[in-house]
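Below, each chain spelled out in residue letters.
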Amino acid sequence: MDTAGFKQCMMPYARQMYAVALSILKDSSDAEDVVQDVFLRMWEKRSGMSSVTNLKAYLLSAVRNRSFDIMEKRRSDGDKGVMELSDEGKDAGQTESKDAVSRIIGLIAALPEPQRTVISMHDIEGMEYDEISRLTGMNEGALRTALSRARRRIREIFKG
Amino acid sequence: MKKENILKDSCRLDALLERFYDAELSRTEELELVRLLSDPALPEKYFVDRDVVTGLAGKACDSEAGCGDAFSAVPEGFEYRLEGAVDKASRKSRFRLYFVRAALAAAVLAAGIIIGVRFSAKDEAAMEDSLAEVSAEEAREAVEKAFNLLAYGIEKSREPIVAAERHFDKSGKAINDAIEKIKDMEK
């Protein structure tokens, strides 16, 4: 696949990839880096792109996972915007919305699949069930179950 | 929440929260839930739910008109920089490919030269060995042949000797007979 063909395949998804990364990382520069990173990794694997059945789902999943990896790294590096899991709920009543969002995203990163993907796509990225169903192959019932479990799990951790 | 509405709103809030955690709310109901949880007079027992819900649903939908279209909001020059990164990677790939091809060609050439030199040297040694082997073998064969011929010759040469002996015996006997007759006649 030549450069022009690669761009033709990938560029239509660039903006949505950026939106997903930004919704998780809350930083424009980091979000752009993640998108670029995924693009370059896909360039290295371009010969296998034809075997990907749903490129959009694949790319958004790659961006999501990469963004969560960065969130995890921030937590392990002691980023001020993200609290440790063990500290969750201790001062929940005093935190501002921005800190709550950061904590939530940190918790989402630690959820098992498919809860992590479903709650990220629905609550963070704002996708509807039908689109999530198309991208993941899960039916709406399974999506709602995964979303319910993810939300209840996060609430349990917040309560302490 | 005004005091007179607290009970009413609490019931509504409890119902919406239950449906939120069951993932049964519509987007409109989620907006209503966010609005109720954002009230400054919210009872403390709902603080945890407020943080969870506003951390999730509150971010995805930040207006009553619906979830905003975040896809159009990219930094200026985003796509230009992205395409530039792809072009740079493409140039790197081509350079890597040319380098690998050149290295392979050089390796094949070097291998060919080395093998050719070793092969030609090996041929001379092999030839010498071959010659040595052939000479020794030939010598052995020649000796064997020579012995066989000698044996054959000896065998063959015995026959006339034997025949001559037979003839000699016969003739000798004949001569002896003649001599005896002569002697008898003299008597």
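1. Structural notes on the overall build of chain B
Scanning chain B from N- to C-terminus turns up 4 helices and 0 strands. Scanning chain B from its N terminus toward the C terminus, one meets helices and strands in the order α-α-α-α. Counting over 187 residues, chain B shows a buried share of 13%. Considering only contacts within chain B whose residues lie at least 6 apart along the sequence, 41% involve residues at least 24 apart.

2. Brief notes about the overall build of chain A
When helices and strands are tallied, chain A shows 8 helices and 0 strands. In chain A, the succession of α and β elements from N to C terminus is α-α-α-α-α-α-α-α. The buried share of chain A, reckoned over its 160 residues, is 40%. Considering only contacts in chain A between residues 6 or more positions apart, those separated by 24 or more positions represent 67%.

3. Quick word on the interface of chain B and chain A
The figure often quoted for interface size is the accessible area lost as the parts come together. Every contact between the two is made by 31 residues of chain B and, on the other side, 37 residues of chain A. Looking at the side of chain B that touches chain A, the elements that each hand over two or more residues are helix H1 (3-21), helix H3 (47-60) and helix H4 (78-186) of chain B. Counting residues per element, the side of chain B that touches chain A draws most heavily on H3 of chain B, which supplies 10 residues.

4. Quick notes on the confidence of the model for chain B
All names here are of chain B. When the pLDDT values of chain B are averaged, the result is 74; 60% of them are 70 or greater. At the level of individual helices and strands, chain B shows its lowest average pLDDT in H4, which scores 71, and its highest in helix H2 (residues 27-37), which scores 90. The complex model carries a pTM of 0.60, and its ipTM stands at 0.73.

5. Comments concerning the nonpolar core
Counting 60 residues, the largest nonpolar core has Met-17, Tyr-18, Ala-21, Val-35, Val-63 and Ile-104 of chain A as the members making the most contacts within it. Here this core gets 9 residues from one element, more than from any other, and that element is helix H2 (residues 14-25) of chain A. Each of two domains, domain 1 (3-62) and domain 2 (74-157) of chain B, supplies a minimum of three residues to this core. Filtering out sequence-adjacent residues up to four positions away, Met-17 of chain A remains in contact with Val-35, Val-38, Leu-59, Leu-60 and Val-63 of chain A.

6. A few points about unusual backbone geometry
Omega for the bond connecting Glu-113 of chain A with Pro-114 of chain A falls within 30 degrees of zero, at 0°, which places this linkage in the cis form. Relative to the elements of secondary structure, Pro-114 of chain A occurs in the loop between helix H5 (97-110) and helix H6 (115-124). One non-glycine residue, Lys-26 of chain A, lies in the positive phi region at around 60°. Structurally, the position occupied by Lys-26 of chain A is in the loop between H2 and helix H3 (28-44). Even without a glycine there, the phi angle at Ala-23 of chain B is positive, about 60°.

Cut-offs used in this document
- Residues numbered from 1 in each chain as written.
- Chains lettered and ligands numbered in written order.
- Predicted model: local features only at pLDDT ≥ 70, side-chain atom pairs only at ≥ 80, totals over all residues.
- Helix = DSSP H or I, 4+ residues; strand = E, 2+ residues; numbered from the N terminus.
- Buried ≥ 20, exposed ≤ 12 C-beta atoms within 10 Å, placed from the backbone.
- Contact = placed C-beta atoms within 7 Å.
- pLDDT = per-residue confidence, 0-100.
- Core = buried A, V, L, I, M, F, W, Y, C linked by C-beta atoms within 7 Å.
- Domains from an automatic or database assignment.

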